[in-house]
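Given next are the chains, with one letter for each unit.
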Amino acid sequence: MRALESRHAELETRISAEGARPRPNDVALTRLKLEKLQLKEEMEKLRRAS
């Protein structure tokens, strides 16, 4: 679970950095956000299973 939380936080940092650029890469932002959402869903499944 900690590894997932760490990866989730890392993605949040990367999303913020990309969004702060003068011309953010929309494709990269979408991919990062999707990956972050998938991690969040996986963490929720693990929490419910516990």
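As a reminder, the structure under discussion sits directly above these lines.
Residues numbered from 1 in each chain as written. Predicted model: local features only at pLDDT ≥ 70, side-chain atom pairs only at ≥ 80, totals over all residues. Heavy atoms only, no water.

(A) Representation of the overall build of the protein chain within the structure. Scanning the protein chain for helices and strands turns up two helices and zero strands. Taken along its principal axes, the extent of the C-alpha atoms in the protein chain is 45 × 15 × 10 Å. A burial count over the protein chain gives 20% of its 50 residues as buried. Total accessible area on the protein chain is roughly 4000 Å²; 52% of this is exposed by carbon and sulfur atoms. Side chains of the protein chain give 12 positive and 9 negative charges; the mean places of these two sets differ by 1 Å. (Helix = DSSP H or I, 4+ residues; strand = E, 2+ residues; numbered from the N terminus. Buried < 20%, exposed > 50% of the residue type's maximum accessible area, 1.4 Å probe, protein only. Areas by Shrake-Rupley, 256 points an atom, 1.4 Å probe, with all protein chains shown as cover. Lys, Arg positive; Asp, Glu negative; His and termini not counted. Charge placed at Lys NZ, Arg CZ, Asp CG, Glu CD.)

(B) The environment of arginine 2, seen in detail. When you line up the elements, arginine 2 lands in helix H1 (residues 2-20). Residue arginine 2 is classed as exposed on the basis of its relative accessible area of 74%.

(C) Broad picture of the nonpolar core. Leu4, Leu11, Ile15, Leu29, Leu32, Leu39 and Met43 together form the largest nonpolar core, which totals seven residues. For this core, the secondary-structure elements that each account for two or more residues are H1 and helix H2 (26-49). Of the residues forming this core, the biggest block, four residues, is contributed by H2. Here leucine 32 is in contact with Leu11, Arg14 and Ile15, once residues within four sequence places are set aside. (Core = buried A, V, L, I, M, F, W, Y, C linked by side-chain atoms within 4.5 Å. Contact = heavy atoms within 4.5 Å.)

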